[in-house]
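Residue-level listing of the chains:
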Amino acid sequence: VQLQAFGGGLVQAGGSLRLSCAASGRALRTYVMGWFRQAPGKEREFVAAINWTGSMTYYADSVKGRFTISRDNAKNTVSLQMDSLKPEDTAVYYCAAGIVYSSSRYSQYNSYDYWGQGTQVTVSS
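Now for a look at the structure at hand.

Some words on the side chain of D89
Phase 1: Checked against the element boundaries, D89 lands in the loop between β8 (77-82) and β9 (91-98).
Phase 2: For D89, a relative accessible area of 0% corresponds to the buried category.
Phase 3: Separated by 2.7 Å, the side chains of D89 and R66 make a polar contact.
Phase 4: Those residues in contact with D89 that lie beyond four places of it in its chain are R37, R66, F67, S84, V121 and V123.

Description of the sheet that holds β8
Phase 1: The strand order across the open sheet built from four strands is β1-β3-β8-β7, with neighbouring strands paired in antiparallel fashion. The sheet terminates laterally at β1 (2-6) and β7 (67-72), the two strands that pair on one side only. Adjacent strand axes in the sheet meet at a mean angle of 15° when their direction is disregarded.
Phase 2: Bridge count for β1 against strand β3 (residues 17-24) is five bridges, and the pairing is antiparallel. Across the sheet, Q4 pairs through a bridge with A22, a residue of β3.

Things to note about the packing of aromatic side chains
Phase 1: Under the counting rule described, the total for this entry stands at six aromatic pairs.
Phase 2: Judged by centre distance (4.9 Å) and plane angle (90°), the rings of Y58 and Y106 are edge-to-face. You can see Y58 sitting in strand β6 (residues 57-59) and its partner Y106 sitting in the loop between β9 and β10 (114-115), a full 48 residues away along the chain.
Phase 3: The class for Y58 is partly exposed, based on a relative accessible area of 24%.
Phase 4: Judged by its relative accessible area of 7%, Y106 is buried.
Phase 5: Site record: aromatic cluster; members linked through ring pairs are F36, F46, Y112 and W115.
Phase 6: Positioned above the aromatic ring of Y94, the side-chain terminus of R44 is 3.9 Å from the ring centre.

About the cut-offs
Residues numbered from 1 in each chain as written. Predicted model: local features only at pLDDT ≥ 70, side-chain atom pairs only at ≥ 80, totals over all residues. Heavy atoms only, no water. Helix = DSSP H or I, 4+ residues; strand = E, 2+ residues; numbered from the N terminus. Buried < 20%, exposed > 50% of the residue type's maximum accessible area, 1.4 Å probe, protein only. Polar contact = N/O pair within 3.5 Å; in protein donor to acceptor, adjacent residues only side chain to side chain. Contact = heavy atoms within 4.5 Å. Pairing = 2+ DSSP bridges. Axes fitted to C-alpha atoms, helices over the stretch in contact; angles between N-to-C directions. Phe/Tyr/Trp six-rings, centres within 6.5 Å; stacked < 30°, edge-to-face > 60°. Lys NZ or Arg CZ within 6 Å of the ring centre and 35° of its normal.

Listed below in structure tokens is the structure:
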């Protein structure tokens, strides 16, 4: 599976961005999809995940209520709608795909086998 994330950019605090992740090489419908981010000097952290049917979503506390993850298995894409952005959301955002059987592992980066190249999100104050 090859993943490509796009949609990042520069936005003012309070604004919105929509990230998308397109997959090729294999259908995404059997994979759990996740978004992670990494700010300079910090470890990669979990942002959101969605199960293979799209019926269950999971969020880090820091983004809950502001970000929404969704997927379109017919189009082989997953998206992250980011609203009410804050300067602390500034990071490189990565999409990831994995065969993850337990939802307790959705937030762990080593649960995912495939990663996109990352897209930069910068939120100015």
